[in-house]
Amino acid sequence: MPFLPDEARSLPPPPLVNKGSVWLGLTGWLAALLDNGFAQRPVLRAGVHRQILFITVGWFTGYFLVKRAEYVHAKLDRELLDYVRRHPEDFKEAGW
Amino acid sequence: MAAPLRAAKWLRLAGGGPGLALTRSAFFARKRTYDQPNWFGVGLAFTTSAALWAFLFKQHNEDVMEYERRKQERHHKCTGCS
């Protein structure tokens, strides 16, 4: 199973700064800070290379996860609206 | 039987572990020293970060180009040549 089928490329891609990237980037940073804390190093000033790497990995993962989530939502919307269009008798306006 | 015991004793004395206590631990934990930066680790971390960012930028630009291209194609197909 592909991570994203080809038709997903017809959707607008998420911006580089997106909710998933920001959130996972922050969790990556928190993981690096926790690692510093547990290893009894200065929490913010130590292991900056590690902080940058963890933020990057989170950001990277967030981008692809958001892309996949947007594809899944678009696919569901397409199938739902297609069903509504094919069964107009079930979706009449109110006032009967 | 004797040789591994002797080796274990030598390792125990050399590693600064629990000393001459008769333990049979398989490994020793050493306290990390932060006198010298771990330059290899630092270089690896920065290189990996740079590579990931470069790949991400490239992927995003490709995604945008492909989306715009398909949008043009769809517009062209639906409206015909105007």
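Bear in mind that the values here come from a model prediction, so they are computed numbers and not experimental data. (Residues numbered from 1 in each chain as written. Chains lettered and ligands numbered in written order. Predicted model: local features only at pLDDT ≥ 70, side-chain atom pairs only at ≥ 80, totals over all residues. Heavy atoms only, no water.)

Caption draft 1: Highlighting the packing of helix 2 (residues 48-86) of chain A against helix 2 (residues 39-79) of chain B. Packing of helix 2 of chain A against helix 2 of chain B brings their axes to within 9 Å, and their N-to-C directions diverge by 25 degrees. Taken together, helix 2 of chain A and helix 2 of chain B sit at an angle that is classed as roughly parallel. As for the relative orientation of helix 2 of chain A and helix 2 of chain B, their crossing is left-handed in sense. (Axes fitted to C-alpha atoms, helices over the stretch in contact; angles between N-to-C directions. Helix = DSSP H or I, 4+ residues; strand = E, 2+ residues; numbered from the N terminus. Parallel < 35°, antiparallel > 145°, perpendicular 65-115°, else oblique. Left-handed = near helix turned anticlockwise from the far one by under 90°.)

Caption draft 2: Expanded view of the nonpolar core. In this structure, Leu16, Trp59, Phe60, Tyr63 and Phe64 of chain A together with Leu52 and Leu56 of chain B together form the largest nonpolar core, which totals 7 residues. Elements represented by at least two residues in this core include exactly helix 2 of chain A together with helix 2 of chain B. If you tally residues by element for this core, the top one is helix 2 of chain A, at 4 residues. In this view, leucine 56 of chain B contacts Leu16, Trp59, Phe60, Tyr63 and Phe64 of chain A; residues no more than four positions away in its chain are not counted. (Core = buried A, V, L, I, M, F, W, Y, C linked by side-chain atoms within 4.5 Å. Buried < 20%, exposed > 50% of the residue type's maximum accessible area, 1.4 Å probe, protein only. Contact = heavy atoms within 4.5 Å.)

Caption draft 3: Region of the structure containing the interface of chain B and chain A. With 21 residues of chain B at the interface, the matching set in chain A holds 22 residues. A buried area of about 2000 Å², summed over both sides, lies between chain B and chain A, and 70% of it is on carbon and sulfur atoms. When the area that chain B buries against chain A is broken down by residue, the three leading residues are Leu56, His60 and Arg70 of chain B, summing to 27%. Counting across the chain B and chain A interface gives 2 salt bridges. Between lysine 67 of chain A and aspartate 63 of chain B there is a salt bridge whose closest N-O contact spans 2.7 Å. Where chain B meets chain A, there are 8 residue pairs in polar contact (both at pLDDT 80 or more). Looking at the side of chain B that touches chain A residue by residue, the classes come out as 11 nonpolar, 5 polar and 5 charged. (Buried area = accessible area lost by both parts, 1.4 Å probe. Salt bridge = Lys/Arg side-chain N within 4 Å of Asp/Glu carboxyl O. Polar contact = N/O pair within 3.5 Å; in protein donor to acceptor, adjacent residues only side chain to side chain. Nonpolar A, V, L, I, M, F, W, Y, C, P; charged D, E, K, R; others polar.)

Caption draft 4: Structural view of unusual backbone geometry. The phi dihedral of glutamine 40 of chain A falls on the positive side, at around 55 degrees, and the residue is not glycine. You can see glutamine 40 of chain A is positioned in the loop between helix 1 (19-38) and helix 2.

Caption draft 5: Just the side chain of asparagine 18 of chain A, in detail. Residue and element names in this part refer to chain A. Position of asparagine 18 among the secondary structure elements: in the segment before helix 1. Taking relative accessible area as the criterion, asparagine 18 reaches 6% and is therefore assigned buried. In this structure the side chain of asparagine 18 is engaged in a polar contact, spanning 2.9 Å, whose partner is the backbone nitrogen of serine 21.

Caption draft 6: Geometry of the pattern of salt bridges. Residue and element names in this part refer to chain B. If you walk through the whole model with that rule in mind, you get 12 salt bridges over all chains. Notably, a salt bridge pairs lysine 58 with glutamate 62, separated by 3.6 Å at the nearest N-O pair. Here the residue lysine 58 and the residue glutamate 62 both occupy positions in helix 2, the gap between them amounting to 4 residues, near one helical turn. Given a relative accessible area of 47%, lysine 58 falls into the partly exposed group. Between glutamate 66 and arginine 69 there is a salt bridge, with the nearest N and O atoms lying 2.8 Å from each other.

None of the figures reported here should be taken as evidence of function without further support.
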